Amino acid sequence: MTRFLPRTAPPIRAGGLVAATALLLAAAPHTVASAAPTAAAPVVALGGPAETALHPYAEGGDGPKRSTARITVTGADDTAYEGEFTVTFDLTGAAGVADVAFEPEAGIECAATAPGSATCTGHGISPGRSTVTDLLLTAAKGSEQGDTGTVRVTGEAQGAAFTPFTTEVTVGGPDLVMHRLPFDHEPVPGQKQQAPITFTNRGSRAADGVVLTLRHSRGLDIPQRYSNCAYTTDEAWTTARCTVEGAFEAGATYTLAAPLTLKTTDRAYRDIFGYGIHEAGAGTARGATAARAARGPAGGSDGVLRAVPAPRPMAARALDLEPGDNEHEADFRTENTADFVAYGDTASGRAGATVTARLGFRNDGPAWIGHLRSGESVAVVDFTVPQGATVTSAPEGCRGVGAEGTALPTGWTGPAPRYVCPTPAAVRDDGGLDLAFGLRIDKVLLGAVGRVVVRGPELRAAGLPFDPEPGNNTARVVLNGESGGPSPAPSDGPGDGASGTPGSATPTPTSGGAGAGAGGTVAPGAVPNTATGNGGSLAATGSPTAMAASGLAVTALTAGLVLFTAARRRRRA
C-alpha cells in the first residue's frame, strides 16, 4: 500500500454519543475491486499501541489535549493484496471514557456508520506495515482519572484474512520528561564527561517505579556497572536497562544520587549516546516489558543506581501522557582514524579446475567506523577477476558490475568481470570483511592478477576519509604465479583514491594446464607479507616486504592432477 498523507476529520464520540456525520473524502477516487481468492489467502495483521494514556478532561481554553494511537495494517511478507478492504472500529467499549476522531492516510476514507461504530476503507495492501489512520483521542466530558476503555479493530476483504486488534485507553497517567544534558559533542579519546541524568514527572499521577535506559555506541563507555541494571552488547551498541524503585510524584523532578560517567574511548569516531525514562509499573504493558528486561542477566559491582526516593509507596497503574519527550540522544564526533588493510590470495590449478580465492580487508583501528544514522555501508570491497578465470560462486550481498564499475546490461545473467561487496553500516576496530570467491581457471596464464580494493561506497568518491594509510587499501589475487620472482604489482586504480577500473598485470600464457602439459613442478608466485583479518586470509599489500618469495613447491603426482598452492602465512610484526 502506498504511503498516505494525513488529513483532518471531525470527532466521533464513542458508544452511543453523538457521531460526526462527515469525516473525510478520499484524495482520489478509487474503484471497487475484489482480489480473486487464492489457495492460501494472505493473512493481514491489524496493530497499534496496546495502551494509550489520555490527558484528563479540562473545560475552557483550547479544549481537551489530544493523544494519538496509530492503527496499522501489516501485509504478508511475500504477497500483495490488490483489492478493496474495510477496517471497522467498535467504539462502544470506550463510551464515556474517550472521544475519538480519525486522521486517515491519503487514499483511505473513514466515516461513522452507526453510533459507537466507524469504518475506514482503502484499496491495496502491500507487504510490510502501513498506516491506516491515527486515532485522535481525548478524554470524554465527565470522565475521571483511572477510567479505562477499549477500542476493538477488525478488518475484512475478499480473499484476505484479518487478525483483529484491541487497544486500551486510560484517563490520566504520569508524563516522564527527560532533561537534555549539555555534553561536549567533539570530545577527544580518553575524555570523561559527567552525565547527571535528570527527569521530571509532568503528568497527573505518580509513576510506579521507572526504567532508565542507557544506550551507547562502541566508541563510548560508561565505566559504572550497577546491580539493578541489565546489560547487553552487540556489534555496535551497549544497552543498560536499570529498574529504579519508588513512587515518582507528579510535578516533582528527580536526579541520580551520583552522576554517571560517559567516557570517550580510543576507538571513538562517530558515536551516539541515548538516554530515556519510562514507567516500570507492573500494571502497564510497556512497564511490565521494561521491568522484565531490566531484571535480566548480569548486574554490576558498583552498588545500586538510585534516584531521589519517593515519600510513599504507589501501586497505582499509570501510562505516559507524552511519550515523545521521554528520551534524548547525543551525537559525538571524535578526531580519530581507522586503517583499512586489504588482503588477497594466491592459488594454482590446471585449466578447468575451480579454486577458492579468499579476499577482503581488516580494520587495524584504532577507531571503529559506524554510519549509525544513515545505515549506509561504511565501505565496499571491489574485486576485479583475474584474466583467464570465471567466477562460479560469489558471497551473498556481492553484485557483479562491468569492467569499468558500471551496472551490467539489463538481462545479464552470467558471471561478471568485477564484483562489488558492501560492508555493513558498522565495522568494528577488530573487524573487517572476509569473502570467498569460487574461480574456475578457463585458461592457465602465468601470473594472472586480480585486484582487490577497499574503497568508499561510491565509485566517484573512492577514498576513505578516516583512513591515514591509503597505500594498503589495495591487494592482489594471483593465479598460477610464475616461479622465481615476484608477481606483477597491480596498476593504479581506486586504491589510491582515484576512480576507475582496477587494473591487472598482463599474464603470460602457458602451453597446457599447470602440472598437466609439462608434468613438472609448479611453484606459486610471490607470497606477500601475511596478516590475519577476521577470517585469517592472506594479506597482499604490494609493499616490497610483501613481495618476498617464500612459496611452497608442489610436485605433480600424475599427469592431469589438479594442483592447489597455498601461500605460507606469517603475521606482520
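Residues numbered from 1 in each chain as written. Predicted model: local features only at pLDDT ≥ 70, side-chain atom pairs only at ≥ 80, totals over all residues. Heavy atoms only, no water.

## Side note on the overall build of the protein
Inference 1: A tally of helices and strands in the protein yields one helix and 39 strands.
Inference 2: Per-residue burial over the protein gives 49% buried out of 573 residues.
Inference 3: Taking all contacts inside the protein whose residues are at least 6 apart in sequence as the whole, residues at least 24 apart take part in 81%.
Inference 4: For the protein, the computed accessible surface area is about 25100 Å², with 52% contributed by carbon and sulfur atoms. (Helix = DSSP H or I, 4+ residues; strand = E, 2+ residues; numbered from the N terminus. Buried < 20%, exposed > 50% of the residue type's maximum accessible area, 1.4 Å probe, protein only. Contact = heavy atoms within 4.5 Å. Areas by Shrake-Rupley, 256 points an atom, 1.4 Å probe, with all protein chains shown as cover.)

## With respect to the sheet that holds strand E29 (residues 389-393)
Inference 1: One open sheet holds the four strands; their spatial order is E24-E26-E33-E29, and the pairing between them is antiparallel. Both outer strands of the open sheet, strand E24 (338-343) and E29, are each paired with one neighbouring strand and no more. Each strand of the sheet is rotated relative to its neighbour by a mean of 30 degrees, with strand direction disregarded.
Inference 2: With four bridges connecting them, E29 and strand E33 (residues 432-441) associate as antiparallel partners. Bridging across to E33, Thr 390 finds its partner in Arg 440. (Pairing = 2+ DSSP bridges. Axes fitted to C-alpha atoms, helices over the stretch in contact; angles between N-to-C directions.)

## A closer look at the nonpolar core
Inference 1: The biggest cluster of nonpolar side chains holds 38 residues, and the ones touching the most others in it are Phe 340, Leu 359, Phe 437 and Leu 439.
Inference 2: Contributing elements (two or more residues each) for this core: E24, strand E26 (354-366), strand E28 (380-384), E29, strand E31 (418-422), E33, strand E35 (448-455) and strand E36 (474-479).
Inference 3: Ranked by residues supplied to this core, first place goes to E33 with five residues.
Inference 4: The next biggest cluster of nonpolar side chains, apart from the first, holds 33 residues, and it includes Val 100, Cys 110, Ala 139 and Val 151. (Core = buried A, V, L, I, M, F, W, Y, C linked by side-chain atoms within 4.5 Å.)

## Concerning the environment of Gly 173
Inference 1: In this fold, Gly 173 is placed in the loop between strand E12 (165-171) and strand E13 (176-178).
Inference 2: When the C-alpha atoms of Gly 173 and Ala 250 are compared, they prove to be 9.1 Å apart, with 77 residues separating the residues in sequence.

## Digging into the pattern of salt bridges
Inference 1: For the coordinates displayed, the defined rule picks out 11 salt bridges.
Inference 2: Residues Asp 134 and Arg 70 are paired through a salt bridge, measuring 2.7 Å at the closest nitrogen-oxygen approach. Placement of the pair is Asp 134 in strand E9 (residues 128-139) and Arg 70 in strand E4 (residues 67-75), with a sequence separation of 64 residues.
Inference 3: On the accessibility criterion, Asp 134 (6% relative accessible area) is buried.
Inference 4: Since its relative accessible area comes to 42%, Arg 70 is described here as partly exposed.
Inference 5: For Glu 235, the salt bridge is made with Arg 428, and the minimal N-O distance between the two is 3.8 Å. With Glu 235 in the loop between strand E18 (229-233) and strand E19 (237-248) and Arg 428 in the loop between strand E32 (426-427) and E33, this pair connects stretches of sequence that are 193 residues apart. (Salt bridge = Lys/Arg side-chain N within 4 Å of Asp/Glu carboxyl O.)

## Overview of the sheet that holds strand E21 (residues 260-264)
Inference 1: Read across the open sheet, the three strands follow the order E14-E21-E17; overall the sheet is antiparallel. Of all the strands in the sheet, just strand E14 (192-195) and strand E17 (220-221) have a single pairing partner and so form its edges.
Inference 2: Bridging between E17 and E21 involves two bridges; their strand directions are antiparallel. Across the sheet, residue Leu 220 finds its bridge partner in E21, namely Thr 264.

## Some words on empty space enclosed by the protein
Inference 1: Tallied over the entire structure, the rule returns one cavity of 30 Å³ or more.
Inference 2: Empty space within the largest cavity amounts to approximately 80 Å³.
Inference 3: As for the largest cavity, its lining consists of 13 residues, of which Leu 214, Ile 222, Arg 225, Tyr 231 and Ala 240 are closest to the centre.
Inference 4: Of all the elements in the fold, those that place two or more residues in the lining of the largest cavity are strand E16 (207-217), E18 and E19.
Inference 5: Looking at the lining of the largest cavity element by element, the count peaks at four residues for E19.
Inference 6: Partitioned by chemical class, the residues of the lining of the largest cavity number eight nonpolar, four polar and one charged. (1 Å grid on protein atoms, 1.4 Å probe; cavity = no way out; pocket = protein on both sides within 12 Å on 5 of 7 lines; lining within 4 Å. Points joined across faces, edges and corners; volume = space filled by probe spheres on them. Nonpolar A, V, L, I, M, F, W, Y, C, P; charged D, E, K, R; others polar.)

## Describing unusual backbone geometry
Inference 1: Put simply, Gly 365 and Pro 366 share a cis peptide bond, and its omega is 10 degrees.
Inference 2: Positive phi outside glycine occurs at Asn 480, with the angle close to 50 degrees.
Inference 3: Along the polypeptide, Asn 480 turns up in the loop between E36 and strand E37 (508-509).

## What about the environment of Glu 156?
Inference 1: Tracing the sequence through the fold places Glu 156 in strand E10 (residues 148-156).
Inference 2: What Glu 156 contacts, discounting residues up to four positions off in sequence, is Phe 85, Thr 86 and Phe 162.

## Remarks on the confidence of the model for the protein
Inference 1: For the protein, per-residue confidence averages 77 on the pLDDT scale, and 70% of positions sit at 70 or higher.
Inference 2: The low-confidence segment residues 1-39 (pLDDT under 50) makes 105 contacts with residues lying over four places distant or belonging to another chain.
Inference 3: Here residues 308-318 is a poorly scored stretch, pLDDT under 50, and it has 31 contacts once near neighbours within four places are set aside; other chains count. (pLDDT = per-residue confidence, 0-100.)

## With respect to the side chain of Thr 423
Inference 1: Relative to the assigned elements, Thr 423 resides in the loop between E31 and E32.
Inference 2: There is a polar contact of 3.1 Å between the side chain of Thr 423 and the backbone nitrogen of Val 378.
Inference 3: Once residues within four sequence positions are removed from consideration, Thr 423 is found in contact with Phe 361, Ser 377, Val 378, Ala 379, Val 380 and Leu 433. (Polar contact = N/O pair within 3.5 Å; in protein donor to acceptor, adjacent residues only side chain to side chain.)

## A closer look at the packing of aromatic side chains
Inference 1: Enumeration according to the criterion identifies 13 aromatic pairs in this entry.
Inference 2: Between Phe 89 and Phe 102, the aromatic rings sit 5.0 Å apart at their centres with planes inclined by 75 degrees, giving edge-to-face as the arrangement. Here Phe 89 is found in strand E5 (residues 81-90), whereas its partner Phe 102 is found in strand E6 (residues 98-104), with 13 residues between them in sequence.
Inference 3: Given the relative accessible area of 0%, Phe 89 is considered buried.
Inference 4: Owing to a relative accessible area of 0%, Phe 102 belongs among the buried residues under this scheme.
Inference 5: Ring centres 4.8 Å apart and planes at 80 degrees place the aromatic pair Phe 248 and Tyr 254 in the edge-to-face group. The burial state of Phe 248 is the same as that of Tyr 254; both residues are buried.
Inference 6: Ring-pair connections join several aromatic residues into one group, and the members of that group are Phe 183, Phe 273, Tyr 275 and Phe 332.
Inference 7: Just above the ring of Trp 237 sits the side chain of Arg 215; from NZ or CZ to the centre is 3.7 Å.
Inference 8: Over the aromatic face of Tyr 231 sits the side chain of Arg 225, whose NZ or CZ is 4.7 Å from the ring centroid. (Phe/Tyr/Trp six-rings, centres within 6.5 Å; stacked < 30°, edge-to-face > 60°. Lys NZ or Arg CZ within 6 Å of the ring centre and 35° of its normal.)

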